[in-house]
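Structural characterization, general
Residues per chain, in single letters:
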Amino acid sequence: MHELVAICHQEAGKTIHDSIDEVREAVDFCRYYAKQPHIFKTQSVLGFDGQSKSMTRGGRGVFVCISPWNFPLAIFLGQVTAALVAGNTVVAKPAEQTSLIAVRAVELMLEAGFPASAIQLITGRGADVGHALTSHNAIAGVAFTGSTPTAQRINSTLAARQVAPVPFIAETGGQNAMIVDSTALPEQVVRDVVRSAFASAGQRCSALRVLYIQEDIAERVINLIQGAMDELKVGLPYLHSTDVGPVIDANAKQKLLAHIEAMTKQGKKVAQLSLDDECAEGDFVPPCAFEISDISVLTEEHFGPILHIVRFKASELPKVVDSINATGFGLTLGVHSRNESTYEWIEKHVRVGNCYINRDQVGAVVGVQPFGGQGLSGTGPKAGGPHYLYRFTDVVNGTASISK
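Keep in mind that this is a model prediction, so the values were computed, not measured.

A few points about unusual backbone geometry
- Put simply, Gly-380 and Pro-381 share a cis peptide bond, and its omega is 0°.
- Positionally, Pro-381 belongs in the loop between strand 17 (378–379) and strand 18 (393–402).
- For Ser-200, which is not glycine, the phi torsion reads 60° and is therefore positive.
- Position of Ser-200 relative to the elements: it lies in the loop between helix 7 (186–198) and strand 9 (210–214).
- Positive phi outside glycine occurs at Asn-358, with the angle close to 55°.
- Position of Asn-358 among the secondary structure elements: in the loop between strand 15 (354–357) and strand 16 (374–375).
- Using a relative accessible area of 28% as the deciding quantity, one classes Asn-358 as partly exposed.

Details of the pattern of salt bridges
- Summed over all chains, the structure comprises 19 salt bridges.
- Residue Glu-301 is joined to Arg-209 by a salt bridge in which the shortest nitrogen-to-oxygen separation is 3.3 Å. Within this pair, whereas Glu-301 is found in the loop between strand 11 (288–291) and strand 12 (306–312), its partner Arg-209 is found in the loop between helix 7 and strand 9, the two being separated by 92 residues in sequence. For the pair formed by Glu-301 and Arg-209, the shared burial category is buried.
- Across the salt bridge formed by Asp-360 and Arg-359, the nearest N and O atoms sit 3.0 Å from each other.
- Each of Glu-3, Arg-104, Glu-107 and Glu-111 takes part in salt bridges that share partners, so that together they form one network.

About the thresholds
Residues numbered from 1 in each chain as written. Predicted model: local features only at pLDDT ≥ 70, side-chain atom pairs only at ≥ 80, totals over all residues. Heavy atoms only, no water. Helix = DSSP H or I, 4+ residues; strand = E, 2+ residues; numbered from the N terminus. Buried < 20%, exposed > 50% of the residue type's maximum accessible area, 1.4 Å probe, protein only. Salt bridge = Lys/Arg side-chain N within 4 Å of Asp/Glu carboxyl O.

Below, the structure written as structure tokens:
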């Protein structure tokens, strides 16, 4: 634990709490997938032709697993262990920003007894090696977590291959929103907003980007958010006092600061933290909150500690849901309401993979809250859920008999 946490500090800029959660989630993935041997049992299914078919599943072959830098151990091991336990061999390509933790994970796998021929690690820039891996005819499947444009390129590459279609399991970004109506508990809302928007420096694919607040309680909630943000400590990730660490690299910092500058000129700034002297060196971005007119103002996801706030009237709730759906993203949504009919209506009409009610919208628990999106946010099945391993397998033996 201590070694992996230290590497998370050094490579990914994760705080102590986030690093511990990272290791625990990686452990959860390993245990959860290892305890699903039932998928390999011979199953009897009734076909459209009226015949009962016995089918046995097994691995597809060589899987490419491309993992992101924001969960460099949990998602890396989640993808790899799922592919291995399903009977495949794996070529693992971690994000170039967090290769060291991937190397250490593979070293531990080999120490634990995994055959060296079953897991191969390739480090390097995705732009240099990604296409070579995904276009190779020996690849039987791809598991990917990362940006939507990269997923679209991989999808096009796989579609152009002159072989049978291969599974592409993708989890990408999101323009994640939270809807808060006038029945919500303000203090609970603020706690969950701050965690959802600023935990891990806002660098979670599930992080809150756009907060919709019913105008009846908007002033009260926004004032509380300002106060809660003032209590956040931005600093070195290995210190116990730090709430928000740095973003991943200088390129990310530059893009986020450019967005903050643009929003400062165009929008109404709600809050922006000041950075201490210890943040003078490094890729630190001050947590910020801005008021905007609508989610459509944002043309892309800004992957960092920046919250956008929209006020709405109670009568405009259907319009709010339509505008969220219109972004094309569909990863997470948060709802805060004590009106059961309201949150059930929202959950029914919003097109997202995970909808969280009266809680934060980050930190999905493996085996309890399977995680994944739709639309521009990826394709299923959801990671950490009961259907995930099936996508890594194929029918290896099947016989048919006339049903009675």
